Amino acid sequence: MEAIERVYREEYGRIVASLMRRFGDLDLAEDAAAEALVVALEKWPDDGVPPNPGGWLTTTAARKALDRIRRESHRDAKHQAAQMIEDDTPHEPTGVVEDDRLRLIFTCCHPALAPEARVALTLRLLGGLTVAEIAQAFLVPETTMAQRITRAKKKIAGAAIPYRVPEAADLPERVAGVLAVLYLVFNEGYLSTAGTSVRDDLTTEAIRLGRILHSLLPDEPEVTGLLALMLLTEARRDARIAGDELVPLPEQDRGAWSRPLIAEGHALVRECLRVNRPGRYQLLAAINAVHTDAPDAAGTDWSQIATLYAQLARLDPSPIVALNRAVATAELDGPAVALADVDRLGEALEGYHPFHVTRAELLRRLGRSAEARAAYDVALGLIDNPAESAYLTRRRDQLRG
Amino acid sequence: MPQYFLAVNHDEKSIAAMAEMTPEDMQPMFEAVGAFNEQLQAEGAWLFAGGLQTPDASTVVDNSGETAVVTDGPFSESKEYLGGFWIIEAADLDAALEWAKRGSKACQGPVEVRPFQEG
């Protein structure tokens, strides 16, 4: 039973995308996919899992969709349409850009949809997550999430949001939109605001979709960069929480990092370097590659990291990049120089807890305990991740003077 | 083919800005909109377009009851109003958004794209 549902979830995006191409109707595609699952749950336990379960599910779902169209065509004059869609195009993708899932991801992440709807649709239609699971992940009632998804699907149909890969001229911008959705899903898993410390399901899903996107668009270096970034972050997951407490990078047990994920991430970063068209995700991945390359915290190549941040700041002159850059500055030029940089960001980052954490750590290194304590307090007031709260509380309480 | 309503809405800010403008200031915008209209026609996307007088010139007729009631003024006393529009035909939303980008550039203001209900 569980095995069948796992196959179904893995193949869900393919099934829906294939049916969407044939029938041009997301609701029909989803209903037919669900019907195919019912058939699989009936048959597979007795007959065994077919050799190509994804193909079997898609074929079965397509048959169910045709049945439904025929049934409805008796009522309204869609009969001709049903005859015309007798199309037995094979399930397997015929080429990279032909993959139906690629079209579907561009539809789900279309800029005409609200950002939260893009995330929800991507997880639902490509990730095969249930509405209940998505609602739980984003802490909204299931009915709210169901409405959000229904409304977005209605807009796709009503406004004729296209089901195709954008033209070359629009591709970089539209790919950026897709990557933003994947990164958001990943971060929600990694830095959960949902009262739990890490949501493995979301990080895993973002990486899975990132891998699919990378296999479909191998020549888009930002796609490679984001996948590398997620892998190098995920590699440190087990070392990042000890007990119920967050462990910051310098204190992590590097032996607990996942070597296979790091090797894969580093290979992808090298791939990006060869292409030499740097972008935001590639630079963030490269920074993470430097961290994961160091044998211990003291062995970190901070000047390399500072160079990468300088490059990133030129591309993305946001206060958040400037804040992260200050961490490298502190290592190279000392905490006083870094604090001066950070204090200039106060107005823009007042409500952003990492700003106060960074200040607290720099003040601590400068021996300004009272100010450090106040900064920890502000940070603690802004976060709801329990592991991070536990860590910051301990740091604050260690302060002397 | 799907049809879209491209609306040019005026708000307090754009109304104030327009009030400051002389006919000479407006001339480049009129020319740009004229050129955009010609592009729409040349590519077969054009169905209809028009600029509207301000809501001061509006009259509302309500014949939903027993007798028709005619009142002076716009339907709702909103600070925003529809200044003009295009009705176009486009293959899909991406094509309509592409026209909207060019329309927005021409009229120097935001353009709202709304699909028509299927006929």
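Residues numbered from 1 in each chain as written. Chains lettered and ligands numbered in written order. Predicted model: local features only at pLDDT ≥ 70, side-chain atom pairs only at ≥ 80, totals over all residues.

Can you help me understand the overall build of chain A in this one?
Each helix and strand in chain A was counted, giving 21 helices and two strands. Principal-axis analysis of the C-alpha atoms places the extent of chain A at approximately 80 × 40 × 40 Å. Residues counted as buried form 40% of the 401 residues belonging to chain A. Considering only contacts within chain A whose residues lie at least 6 apart along the sequence, 61% involve residues at least 24 apart. (Helix = DSSP H or I, 4+ residues; strand = E, 2+ residues; numbered from the N terminus. Buried ≥ 20, exposed ≤ 12 C-beta atoms within 10 Å, placed from the backbone. Contact = placed C-beta atoms within 7 Å.)

Got a minute to help me understand the environment of A:Ile134 in this structure?
All names here are of chain A. Within the element layout of this structure, Ile134 appears in helix H7 (residues 131-137). Distance in space between the C-alpha atoms of Ile134 and Leu123 is 7.2 Å, their sequence separation being eleven residues. If sequence neighbours within four positions are ignored, Ile134 has contacts with Ala120, Leu123, Arg124, Leu129 and Met145.

Explain the domain arrangement of chain A to me, please; I cannot follow it from the model alone.
Frequently, the measure chosen for interface size is the accessible area that the parts lose on association. Domain boundaries in chain A define domain 1 (1-91) and domain 2 (301-397). On a C-alpha basis, the centroid separation for the pair domain 1 of chain A and domain 2 of chain A is 52 Å. (Domains from an automatic or database assignment.)

It is not clear to me how the interface of chain A and chain B should be interpreted in this structure. Could you clarify?
In this assembly, six residues from chain A lie in contact with five residues from chain B. A class-by-class count of the residues in the side of chain A that touches chain B yields five nonpolar, one polar and no charged. (Nonpolar A, V, L, I, M, F, W, Y, C, P; charged D, E, K, R; others polar.)

When you look at the pairing of strand E3 (residues 59-62) of chain B in this model, what are you seeing that I'm missing?
Every regular strand shows the same layout, with side chains that alternate between the two sheet faces. Residue and element names in this part refer to chain B. The pairing of E3 with strand E4 (residues 69-72) spans four bridges and is antiparallel. Looking across to E4, one finds that Val61 is bridged to Val70. Hairpin connection between E3 and E4: a loop of six residues separates the two successive antiparallel strands. (Pairing = 2+ DSSP bridges.)

Where do I start with the confidence of the model for chain A in this structure?
Regions with low pLDDT should not have their predicted coordinates read in detail. Mean pLDDT over chain A stands at 89; residues scoring 70 or higher make up 92%. With pLDDT under 50 throughout, residues 90-97 of chain A is counted as low confidence; its partners more than four residues away or in other chains account for ten contacts. (pLDDT = per-residue confidence, 0-100.)

Can you walk me through the nonpolar core in this structure?
All names here are of chain A. By size, the foremost hydrophobic cluster in this structure holds 106 residues, and its most contacted members are Val16, Leu19, Ala33 and Ala285. There are two domains that each give this core at least three residues, and those are domain 1 (1-91) and domain 2 (301-397). The residues touching Ala33, leaving out its near neighbours within four places in the chain, are Tyr12, Ile15, Val16, Leu19 and Ala61. (Core = buried A, V, L, I, M, F, W, Y, C linked by C-beta atoms within 7 Å.)

Before we go on, may I ask you to explain the packing of helix H16 (residues 319-333) of chain A against helix H17 (residues 335-343) of chain A in this structure?
Axis angle and axis distance: for two packed helices, these are the angle between their axes and the distance between the axes, and together they describe the pair. All names here are of chain A. Running from amino to carboxyl end, H16 crosses H17 at an angle of 165 degrees, the nearest separation of the two axes being 7 Å. Looking at the two axes, H16 sits roughly antiparallel to H17. As for the relative orientation of H16 and H17, their crossing is right-handed in sense. Of H17, the residues touching H16 (which contributes Ala322, Leu323, Ala326, Thr329, Ala330 and Asp333) are Pro335, Val337, Ala338, Asp341 and Val342. (Axes fitted to C-alpha atoms, helices over the stretch in contact; angles between N-to-C directions. Parallel < 35°, antiparallel > 145°, perpendicular 65-115°, else oblique. Left-handed = near helix turned anticlockwise from the far one by under 90°.)

Explanation requested: helix H2 (residues 23-42) of chain B in the structure shown.
For an α-helix, 3.6 residues make a turn, and residues three or four places apart therefore share a direction. Residues and elements named next belong to chain B. For H2, with 20 residues, the first-to-last C-alpha span of 28 Å sits near the 28 Å given by 1.5 Å per residue. Little of H2 sits inside the fold, with two of its 20 residues counted as buried. Looking one or two residues beyond H2, the residue adopting positive phi is Gly44, at roughly 75 degrees. (Expected span 1.5 Å × (residues − 1).)

Help me understand the sheet that holds strand E1 (residues 3-10) of chain B in this model?
Across a sheet, paired strands are connected by hydrogen bonds in the backbone, their directions being either parallel or antiparallel. Residue and element names in this part refer to chain B. Strand order across the open sheet formed by four strands is E2-E5-E1-E6, with antiparallel pairing between neighbours. Looking at strand neighbours, the two that pair on one side only are strand E2 (46-51) and strand E6 (111-115), the edges of this open sheet. Going across the sheet, the axis of each strand differs from the next one's by a mean of 20 degrees, ignoring polarity. The pairing of E1 with strand E5 (residues 81-89) spans eight bridges and is classified as antiparallel. Its bridge partner lying in E5, His10 is registered against Tyr81. Across the sheet, helix H3 (residues 93-107) touches E1, E5 and E6, and the angle it forms with E6 is around 150 degrees.

What's the story with unusual backbone geometry in this structure? I'm lost.
Excluding glycine, most residues fall at negative phi; most peptide bonds, likewise, are trans. A positive phi angle is found at A:Asn276, which is not glycine, with a value near 60 degrees. The topology assignment puts A:Asn276 in the loop between helix H13 (259-275) and helix H14 (280-293). With a phi angle near 60 degrees, B:Gln108 is a residue other than glycine that sits in the positive phi range. Inspection of the secondary structure puts B:Gln108 in the loop between H3 and E6.

Would you take a moment to explain the packing of helix H5 (residues 100-108) of chain A against helix H6 (residues 115-126) of chain A for this structure?
Residues and elements named next belong to chain A. It is at 9 Å that the axes of H5 and H6 come closest, and there the two elements cross at 155 degrees. By the angle between their directions, the pair H5 and H6 is classed as roughly antiparallel. Between H5 and H6 lies a crossing of right-handed hand. Side by side, H5 and H6 meet where Arg101, Leu104, Ile105 and Cys108 of the first sit next to Arg118, Leu121, Thr122, Leu125 and Leu126 of the second. Each residue belonging to the contact of H5 with H6 can be placed in one class, and the counts come to six nonpolar, one polar and two charged.

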